[in-house]
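Chain by chain, the residues run as shown.
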Amino acid sequence: MGKKGKKEKKGRGAEKTAAKMEKKVSKRSRKEEEDLEALIAHFQTLDAKRTQTVEIPCSPPSPRLNASLSVHPEKDELILFGGEYFNGQKTFLYNELYVYNIRKDTWTKVDIPSPPPRRCAHQAVVVPQGGGQLWVFGGEFASPNGEQFYHYKDLWVLHLATKTWEQVKSTGGPSGRSGHRMVAWKRQLILFGGFHESTRDYIYYNDVYAFNLDTFTWSKLSPSGTGPTPRSGCQMSVTPQGGIVVYGGYSKQRVKKDVDKGTRHSDMFLLKPEDGREDKWVWTRMNPSGVKPTPRSGFSVAMAPNHQTLFFGGVCDEEEEESLSGEFFNDLYFYDATRNRWFEGQLKGPKSEKKKRRRGRKEEPEGGSKPACGGAGTQGPVQVVKEVVAEDGTVVTIKQVLTAPGSVGQPRSEDEDSLEEAGSPAPGPCPRSNAMLAVKHGMLYVYGGMFEAGDRQVTLSDLHCLDLHRMEAWKALVEMDPETQEWLEETDSEEDSEEVEGAEGGVDDHDSGEESGAGD
């Protein structure tokens, strides 16, 4: 009895500390958000000038990450909304809506009056009712200098049949956040986690909310049992048995002044109604078997055939003093909830690869200090190593491996990386994080995302597909050459930076900052 009382007291203490932290973050960030609200209102005024829906056939969308890619429930279409793009000096945020026609292999830009404000790292969920609805919650916006953040707590629905946006206002919902996860469960939207950041503080969440699609009301769930610690960017998917699985994610903690410790989570939990009651939920820790993904953040998730969860790509960072390296992935994993087992996705054609790149910026999202990144140093017949000291004192180590013609890399070795570094075409999407995934008729589609080369962030706009039934080889639907992407150094003049403001969506800015690894 005494032990139980102590445990409950400790739990209440943790809740009290979290509440204090949230109040502290809220107070400091409120001033920042007030400054940004005027800018957001300005862009909404521009958007409000649209009086009718216009559909414009167009070329594929510009490069972006942290957007949402959703499947139309009735048509052979993919729906792309929002996202961000960093050009070396500023990040552009988007609120455009693009539709990809799978059968015709064509893109259409759909301009709809009064859309949600520009954002990235939001969540979008499609439900079939009413001819199809796309529900969007949260996400983030930032100031032109990328140092102030605004986290949305608004809820929108796109009526796919009429192509109209509607903001749904209901009290009692989640606080403003990005990097959260949301799934459709029966006639509800279930939302978990995420984070909120101001210039000096941040807080990660592990709360759970439900939005009723019949009554349009929010309710905060209080599951029993021990659930996940606060995190963002996790995997969240519905099982055939009616439960909800949460896996992995990223969080960080301040260990001392101006020093943060990042954690890449690799634990799994099941959230399910207790005794079949929809008003009472319980968390259970899970220990799946099989071949699990290595710890990482920035991975992407979609539902595969046979109710399996598909897991793609991501990044694992290692930080040593002032040197930061990132290992990007393009591997595939499947989680089978019925068997509680992970499987590695092996293609019958070329095998997937991993790539390791050195980062040149210190201020990175997953500046984690956990050393559990798979793979040792790059190996190959000829290795060129260069060290460059950046202006801020950061040591950038650039490794390039030149592989002899005809040599074949083993799975999980980094000889495969050398082929790509030497300029050979890679089968399928290159290693990346924060990509957009969707599955339609057993075909997996991967769009965009990012990787880093030295101090340069490369944002992608390519589109690849893979037949998940045959698992033979990737097919490139839209290709891009990362070398052709413009990159502006921080020392460039303002005139140079203004040249890119003609990009679609493009006058609002947001530094890639803390979110890029956690906002898929």
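What you see is a predicted model; the values in this text were computed from it and never measured.

A word on the overall build of the chain
What the chain contains, in helices and strands, is three helices and 33 strands. For the chain, the residues scored as buried account for 54% of the 520 residues in total. The contacts of the chain with a sequence gap of at least 6 include a subset with a gap of at least 24, amounting to 62%. For the chain, the accessible surface area stands at approximately 23,200 Å², while carbon and sulfur atoms represent 49% of it.

Brief notes about the sheet that holds strand E6 (residues 97–101)
Strand order in the open sheet made by the five strands is E1-E7-E6-E3-E2, with antiparallel pairing throughout. Two strands close off the open sheet at either side, each with one partner strand: strand E1 (54–58) and strand E2 (68–71). Taken pair by pair, the neighbouring strands of this sheet meet at an average axis angle of 25°, ignoring direction. Relative to strand E7 (residues 106–111), E6 runs antiparallel, the two sharing four bridges. For Val99, the partnering residue across the bridge sits in E7 and is Thr108.

Focus: the nonpolar core
Of all hydrophobic cores here, the largest spans 16 residues; its most connected members are Leu310, Phe312, Leu332, Leu444, Leu466, Leu468 and Trp474. Listing elements by their share of this core, those giving two or more residues are strand E24 (309–320), strand E25 (323–336), strand E30 (436–440) and strand E31 (443–453). Once residues lying within four places of it in the same chain are set aside, the contact partners of Leu468 are Ala304, Pro305, Leu310, Phe334, Val439, Gly442 and Leu444.

Describing the pattern of salt bridges
Counted by the stated rule, this structure contains 13 salt bridges. Between Asp214 and Arg187 there is a salt bridge; the shortest N-O distance is 2.5 Å. Taken as a pair, Asp214 in the loop between strand E16 (202–212) and strand E17 (217–221) and Arg187 in the loop between strand E14 (181–185) and strand E15 (188–197) lie far apart in primary sequence, 27 residues in all. Using a relative accessible area of 39% as the deciding quantity, one classes Arg187 as partly exposed. Residues joined in a network through salt bridges with shared partners are Asp47, Arg50 and Arg118.

A few points about the sheet that holds strand E8 (residues 123–127)
Here four strands make up an open sheet; going across it, the order is E8-E9-E12-E13 and the pairing antiparallel. The sheet is open, and its two borders are formed by E8 and strand E13 (164–167), each paired with just one other strand. Along the sheet, successive strands turn relative to each other by an average axial angle of 20°, direction set aside. Two strands pair when backbone bridges link them, and strand E12 (residues 155–159) and E13 are joined in this way by four bridges, in the antiparallel orientation. Of the residues in E13, the one forming a bridge with Val157 is Glu166.

Description of the confidence of the model for the chain
It should be kept in mind that the predicted coordinates are not to be read in detail where pLDDT is low. Taken over all residues, the pLDDT of the chain has a mean of 79, while the share at 70 or more is 72%. Scored below 50 in pLDDT, residues 492–520 makes 103 contacts in the model with residues more than four places away or belonging to other chains.

Quick look at the side chain of Arg118
Inspection of the secondary structure puts Arg118 in the loop between E7 and E8. Side-chain polar atoms of Arg118 contact the side chain of Asp47, separated by 3.4 Å.

Quick notes on the pairing of strand E32 (residues 456–467)
Extensive coverage of E32 is indicated by the burial of eleven of its twelve residues. As defined by bridge partners, E31 adjoins E32 across ten bridges and the pair is classed as antiparallel. By the bridge assignment, Tyr447 is partnered in E32 with Leu463. Between E31 and E32, which pair antiparallel one after the other, the connecting turn spans two residues, and Gly454 there sits at a positive phi close to 65°. Sheet analysis places E32 next to strand E33 (residues 475–478), joined by three bridges and oriented antiparallel. Residue Leu463 lies in a different strand from E33, and its bridge partner there is Val478.

Digging into the side chain of Arg432
Within the element layout of this structure, Arg432 appears in the loop between helix H2 (415–421) and E30. Taking the relative accessible area as the measure of exposure, Arg432 reaches 0% and is therefore buried. Those residues in contact with Arg432 that sit more than four places away from it in its chain are Phe312, Gly313, Gly314, Phe328, Phe329, Gly448, Met450, Leu460, Asp462 and His464.

Observations concerning unusual backbone geometry
For Ala121, which is not a glycine, the phi torsion comes out positive at approximately 55°. With respect to the helices and strands, the residue Ala121 is situated in the loop between E7 and E8. One non-glycine residue, Asn340, adopts positive backbone phi at about 50°. As for its position among the elements, Asn340 is in the loop between E25 and strand E26 (341–344).

What to know about the environment of Gly227
Looking at where Gly227 falls in the secondary structure, it is placed in the loop between E17 and strand E18 (235–238). Classification of Gly227 by relative accessible area gives partly exposed; the value is 21%. Setting aside residues no more than four positions away along its own chain, Gly227 makes contact with Phe269 and Trp283.

A few points about the packing of aromatic side chains
Per the stated rule, a full pass over the model turns up 28 aromatic pairs. With a centroid separation of 5.2 Å and 70° between ring planes, the pair formed by Tyr150 and Tyr152 is classed as edge-to-face. Exposure class is identical for Tyr150 and Tyr152. Each is buried. A centroid spacing of 6.3 Å and a plane angle of 90° characterise the contact between Tyr209 and Trp218, whose relative ring orientation is edge-to-face. Residue Tyr209 is classed as buried on the basis of its relative accessible area, which comes to 8%. The class for Trp218 is buried, based on a relative accessible area of 11%. Members of the aromatic cluster, joined through ring pairs, are Trp135, Phe137, Tyr209, Phe211, Phe216 and Trp218. Lying across the ring of Tyr94, Arg64 places its NZ or CZ 4.1 Å from the centre. One residue, Arg296, lies across the ring of Phe329, its end atom 3.9 Å from the ring centre.

What counts and what doesn't
Residues numbered from 1 in each chain as written. Predicted model: local features only at pLDDT ≥ 70, side-chain atom pairs only at ≥ 80, totals over all residues. Heavy atoms only, no water. Helix = DSSP H or I, 4+ residues; strand = E, 2+ residues; numbered from the N terminus. Buried < 20%, exposed > 50% of the residue type's maximum accessible area, 1.4 Å probe, protein only. Contact = heavy atoms within 4.5 Å. Areas by Shrake-Rupley, 256 points an atom, 1.4 Å probe, with all protein chains shown as cover. Pairing = 2+ DSSP bridges. Axes fitted to C-alpha atoms, helices over the stretch in contact; angles between N-to-C directions. Core = buried A, V, L, I, M, F, W, Y, C linked by side-chain atoms within 4.5 Å. Salt bridge = Lys/Arg side-chain N within 4 Å of Asp/Glu carboxyl O. pLDDT = per-residue confidence, 0-100. Polar contact = N/O pair within 3.5 Å; in protein donor to acceptor, adjacent residues only side chain to side chain. Phe/Tyr/Trp six-rings, centres within 6.5 Å; stacked < 30°, edge-to-face > 60°. Lys NZ or Arg CZ within 6 Å of the ring centre and 35° of its normal.

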